[in-house]
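Listed here are the chains, written in short residue letters.
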Amino acid sequence: ADAAYDQFNLKASRSILSALLTMDTLSNELHCKALRRLAHQDWKYGRDYALAKERLHKADSLGSEPYKTWILISRIERESYHFDEALYAALKAREYAQSGSNINKAGTEYANAVYAFSMDRLQKGQAMDTNLLTKTSQLLVKILERDAGLPTPSKRLLGIALLNNDGANVLKAWQSYFQVQ
């Protein structure tokens, strides 16, 4: 399934993943992985929000690698402009994260949801939640203190700091991105 997907053969990938789901002997780990892959494809290529969410909730109920399931739920909710749900899912992913790297990824996904929510409010001419922006900046600063130079959290900190008129964190984001002290 991965090889077919990597070769842009979505139909073959979906066929293989669907066939895997019919196997009674499939482990929970592989069942969850197949459900997550199909959900990702359902959303990314088919824009089928309901089916993607159904598959992800099934994967969550099976319990294998819930961190990965909740990260994907957050992304789909964020891209669907369901920001409260995206934030909730990112926090759930953080609860399930078992390594520092995964905790940082969940924190970054949370920041992505805050940024998207804030940009949406800005485009609608609505006030942004400056407290949320400040707390998210603090979260990103902690992530970058642990793993300086990570490009995604550095860029996200830059965007959130700019939205919040926070020059000190704009500088921190720039320094982290370019690994300048």
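All figures in this text were calculated on a predicted structure; none of them were measured in a lab.

**Here we look at the overall build of the protein**
Link 1 in the chain: Counting secondary structure elements, the protein contains 10 helices and zero strands.
Link 2 in the chain: Seen in sequence order, the protein has helices and strands lined up from the N terminus as α-α-α-α-α-α-α-α-α-α.
Link 3 in the chain: The principal-axis extents of the C-alpha atoms in the protein amount to approximately 55 × 35 × 30 Å.
Link 4 in the chain: Expressed as a percentage of the 181 residues in the protein, the buried residues total 43%.
Link 5 in the chain: Distance from the positive charge centre (24 side chains) to the negative charge centre (20 side chains) of the protein: 3 Å.

**What about the side chain of Ser154?**
Link 1 in the chain: Locating Ser154 in the fold gives a position in helix H9 (residues 151–163).
Link 2 in the chain: Filtering out sequence-adjacent residues up to four positions away, Ser154 remains in contact with Leu144, Gly149, Ala173, Ser176 and Tyr177.

**Considerations on unusual backbone geometry**
Link 1 in the chain: Phi is positive for Tyr81, close to 65 degrees, though the residue is something other than glycine.
Link 2 in the chain: Located in the positive-phi region is Gln179, a residue other than glycine, with phi close to 50 degrees.
Link 3 in the chain: Within the secondary structure, Gln179 is located in the segment after helix H10 (167–178).
Link 4 in the chain: With a relative accessible area of 59%, Gln179 lands in the exposed category.

**Some thoughts on the confidence of the model for the protein**
Link 1 in the chain: Summary statistics for the protein give a mean pLDDT of 94 and a share of 96% for residues scoring 70 or more.
Link 2 in the chain: Confidence scores differ between elements of the protein, with helix H1 (residues 2–6) showing the lowest mean pLDDT of 62 and helix H5 (residues 66–79) the highest of 98.

**Observations regarding the nonpolar core**
Link 1 in the chain: Counting 18 residues, the largest nonpolar core has Leu87, Tyr110, Val114, Leu133, Leu140, Leu157 and Ile160 as the members making the most contacts within it.
Link 2 in the chain: When residues of this core are traced back to their parent elements, those giving at least two are helix H6 (83–96), helix H7 (100–123), helix H8 (130–146) and H9.
Link 3 in the chain: Element by element, the count of residues in this core is highest for H8, at seven residues.
Link 4 in the chain: Those residues in contact with Leu140 that sit more than four places away from it in its chain are Ala111, Pro153, Arg156, Leu157 and Ile160.
Link 5 in the chain: With 14 residues, the next largest nonpolar core counts Leu56, Ile71, Ala89 and Ala93 among its residues.

**Notes on the layout of surface pockets**
One way to see where empty space is left: roll a probe the size of a water molecule over the atoms.
Link 1 in the chain: For the largest pocket, the calculated volume is near 320 Å³.
Link 2 in the chain: Along its surface, the largest pocket is lined by Lys33, Arg36, Arg37, His40, Tyr67, Lys68, Ile71, Leu72, Arg75, Asn102 and Lys105.
Link 3 in the chain: Listed by contribution, the elements that provide at least two residues to the lining of the largest pocket are helix H3 (28–44), H5 and H7.
Link 4 in the chain: Of all the elements, H5 adds the most residues to the lining of the largest pocket, at five residues.
Link 5 in the chain: Of the residues that constitute the lining of the largest pocket, the class distribution is three nonpolar, two polar and six charged.

Conventions and cut-offs
- Residues numbered from 1 in each chain as written.
- Predicted model: local features only at pLDDT ≥ 70, side-chain atom pairs only at ≥ 80, totals over all residues.
- Heavy atoms only, no water.
- Helix = DSSP H or I, 4+ residues; strand = E, 2+ residues; numbered from the N terminus.
- Buried < 20%, exposed > 50% of the residue type's maximum accessible area, 1.4 Å probe, protein only.
- Lys, Arg positive; Asp, Glu negative; His and termini not counted.
- Charge placed at Lys NZ, Arg CZ, Asp CG, Glu CD.
- Contact = heavy atoms within 4.5 Å.
- pLDDT = per-residue confidence, 0-100.
- Core = buried A, V, L, I, M, F, W, Y, C linked by side-chain atoms within 4.5 Å.
- 1 Å grid on protein atoms, 1.4 Å probe; cavity = no way out; pocket = protein on both sides within 12 Å on 5 of 7 lines; lining within 4 Å.
- Points joined across faces, edges and corners; volume = space filled by probe spheres on them.
- Nonpolar A, V, L, I, M, F, W, Y, C, P; charged D, E, K, R; others polar.

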